[in-house]
Amino acid sequence: MEVTFESLGLSQAMLKALEEKGYGYPTTIQAEAIPSFMQWKDVIAKAPTGTGKTFAFGIPMIEHIDPKDESVQGLILAPTRELAIQIGDELRGLLTYFTGIRVAVLYGGAGIGGQIKQLEKKPQIVVATPGRLMDHYNRKTIRLDKIQTVVLDEADRMLDMGFFKDVTRIIDKVKNRRNLGLFSATISQEVMTVSWMYQRDEVEITVEPKQEDRPDIDQYSLSCTPLEKAETSLRLIKARGFERIMIFCNTKHMCQRLCDEFQRAGLDCDCIHGDIRQSQREKTMQKFREGKLPALIATDVASRGIDVDDVDAVINYDIPEENEYYVHRIGRTGRAKRKGEAWSLVSNFPEKAKLDEIGKFCNFTVRPMVLSAEGELTEEEVKAPAAPKRRFR
């Protein structure tokens, strides 16, 4: 029997919001996590990106909130401000038909005054990065003693970024916690430690990157010299007629350089990376979300938690250092049941070796293509390796 949102026992207000957003059936992680959360159980979930994790913990958290109680009742910790903002937006979307439930989002790199004002409005759900939450706690602008549910999203990354002490300190201060959820793409040693320290009889959920949960993405590579990369990208965008595209670079410097080059060539684009002020990044993201910016160039760190459903394609201007980054990058396209395209530019042997390794590790097929000067695309003929010459001594 297929699980539906109705069969999970959700309120009418929630069902109405989900229907309006066009969500027919829960994804695997939602179908497995929501019932456990509804029963106040601890959950540790390993799930790839793009499988609907935010709703898996967001839906039950909202259902548990008592709107008459003005204390903070639900806390979600996220590793980056981008992800925190995205979770806040998704929760507000689910709250369309609820009254009296408020959400505040707290993160570093932005003025604390505006966030204090948000907290004065008595939100029942707070989404925060660990460092900024500790700031507010130390300033006594937030109380943690009435929180019932704590969720760590992208727990592996958060603990990897050196937030282990902050996170454990925060959990220790939530004295009346009823359940703790850990959501992670990989279950690292630190995630296991937090689970062992704070979870009891936890429900373990593993979502394999199954075919139906995997985005539908055609993956290609193009060979060119390092100096031809920018021009090849522009020719590709034109040849394929992409209207909304994300381009990934490995460094802030490359990201900025490419953006300047593309703008000089007349492409309407902008970039987000660590050196750009947070307020500016948010403006750029908003423009991209609303479809007013055709091309967005980003580094991996800045791109975490960008949730835009209909990106036509992703271009890997640089091949990422980590296999996981590749999966995150290409996961920006082919979402919401649409077909997407991912293109990787290969300009030397190490890049080719890295892309081959990613393909093998993730079980992806990346097809090498040739792009002519006229913008024609054809499949590259892969030559068989030459037979080794025998040497006679």
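Preceding block: the structure.
Residues numbered from 1 in each chain as written. Predicted model: local features only at pLDDT ≥ 70, side-chain atom pairs only at ≥ 80, totals over all residues. Heavy atoms only, no water.

Colleague: What should I look at first to understand the nonpolar core in this one?
Modeller: Side chains that are nonpolar tend, in soluble globular proteins, to be buried together. Counting residues in hydrophobic clusters, the biggest one holds 41 residues, and the most contacted among them are Leu 10, Ile 59, Ile 62 and Phe 183. Contacts of Ile 62, omitting those with residues within four sequence positions, involve Met 14, Leu 91, Leu 94, Leu 95, Phe 98, Ile 101 and Ile 125. Formed by 29 residues, the second largest nonpolar core is a distinct cluster that contains Ile 44, Leu 106, Ile 142 and Val 174. (Core = buried A, V, L, I, M, F, W, Y, C linked by side-chain atoms within 4.5 Å. Buried < 20%, exposed > 50% of the residue type's maximum accessible area, 1.4 Å probe, protein only. Contact = heavy atoms within 4.5 Å.)

Colleague: Looking at this structure, I do not really get the packing of helix H13 (residues 323-330) against helix H14 (residues 349-362). What am I missing?
Modeller: Packed helices, taken two at a time, are described by the angle their axes make and the gap between the axes. Closest axis-to-axis distance for the H13/H14 pair is 10 Å, and the angle between their directions is 80°. Taken together, the axes of H13 and H14 lie roughly perpendicular to each other. Across the interface between the two elements, Asn 323, Tyr 326 and Val 327 of H13 pack against Lys 354, Leu 355, Glu 357, Ile 358, Phe 361 and Cys 362 of H14. Residues belonging to the contact of H13 with H14 are distributed by class as follows: 6 nonpolar, 1 polar and 2 charged. (Axes fitted to C-alpha atoms, helices over the stretch in contact; angles between N-to-C directions. Helix = DSSP H or I, 4+ residues; strand = E, 2+ residues; numbered from the N terminus. Parallel < 35°, antiparallel > 145°, perpendicular 65-115°, else oblique. Nonpolar A, V, L, I, M, F, W, Y, C, P; charged D, E, K, R; others polar.)

Colleague: Please explain empty space enclosed by the protein as it appears in this structure.
Modeller: Once rolled over the atoms, a probe with the size of a water molecule shows which space is left empty. Counted according to the given criterion, the structure contains 1 cavity of 30 Å³ or more. Its volume calculated, the largest cavity comes out at about 40 Å³. Surrounding the largest cavity, Trp 40, Met 61, His 64, Ile 65, Gln 73, Gln 148 and Thr 149 form its lining. Grouping the amino acids of the lining of the largest cavity by side-chain chemistry returns 3 nonpolar, 4 polar and no charged. (1 Å grid on protein atoms, 1.4 Å probe; cavity = no way out; pocket = protein on both sides within 12 Å on 5 of 7 lines; lining within 4 Å. Points joined across faces, edges and corners; volume = space filled by probe spheres on them.)

Colleague: Quick question: what am I supposed to make of the layout of surface pockets here?
Modeller: Taken as a whole, the second largest pocket spans an internal volume of roughly 270 Å³. The wall of the second largest pocket is formed by 15 residues, among which Ser 221, Lys 352, Asp 356, Val 366 and Pro 368 lie closest to the centre. Residue assignment for the lining of the second largest pocket shows that the elements contributing at least two residues are strand S8 (216-223), H14 and strand S14 (366-371). Partitioned by chemical class, the residues of the lining of the second largest pocket number 8 nonpolar, 4 polar and 3 charged.

Colleague: Before we go on, may I ask you to explain the environment of Asp 42 in this structure?
Modeller: Note that Asp 42 resides in the loop between helix H2 (28-38) and strand S1 (43-46). The spatial distance from the C-alpha of Asp 42 to the C-alpha of Arg 132 is 25 Å, given a sequence separation of 90 residues. If we skip the residues at most four places from it in the chain, Asp 42 touches Arg 178, Asn 179, Leu 180, Tyr 198, Gln 199, Arg 200, Glu 202 and Val 203. Within the structure, the side chain of Asp 42 is placed 2.7 Å from the backbone nitrogen of Leu 180, a separation counted as a polar contact. Reaching out from Asp 42, the side chain makes a polar contact with the backbone nitrogen of Arg 200 at a distance of 2.9 Å. (Polar contact = N/O pair within 3.5 Å; in protein donor to acceptor, adjacent residues only side chain to side chain.)

Colleague: Honestly, the sheet that holds strand S7 (residues 203-206) in this entry has me stumped. Any pointers?
Modeller: Two pairing modes exist for strands in a sheet, parallel and antiparallel, and in both the strands are linked by backbone hydrogen bonds. As summarised here, the arrangement of the 7 strands in space is S3-S4-S2-S5-S6-S1-S7, forming an open sheet in which the pairing is parallel. Each edge of the sheet is formed by a strand with only one pairing partner; in this case those strands are strand S3 (103-106) and S7. When the angles between neighbouring strand axes are averaged without regard to direction, this sheet yields 15°. Where strand S2 (residues 74-77) lies against strand S5 (residues 149-152), 4 bridges are found, and the strand directions are parallel. (Pairing = 2+ DSSP bridges.)

Colleague: Is there a simple way to think about the side chain of Thr 129 in this case?
Modeller: Topologically, Thr 129 is positioned in the loop between strand S4 (125-128) and helix H6 (130-138). Discounting chain neighbours no more than four positions away, the residues touching Thr 129 are Ala 78, Pro 79, Thr 80, Arg 81, Leu 106, Tyr 107 and Gly 108.

Colleague: Explanation requested: the packing of aromatic side chains in the structure shown.
Modeller: Each aromatic ring pair is specified by the distance between its two centres and by the angle formed by the two planes. Here the structure, examined in full by the defined rule, presents 4 aromatic pairs. These aromatic residues form a ring-pair network of at least three members: Phe 37, Phe 57 and Phe 183. Sitting over the ring of Trp 40, Arg 178 keeps its end group 3.9 Å from the ring centre. A cation sits over an aromatic face here: Arg 244 above Phe 288, 5.5 Å from the ring centre. (Phe/Tyr/Trp six-rings, centres within 6.5 Å; stacked < 30°, edge-to-face > 60°. Lys NZ or Arg CZ within 6 Å of the ring centre and 35° of its normal.)

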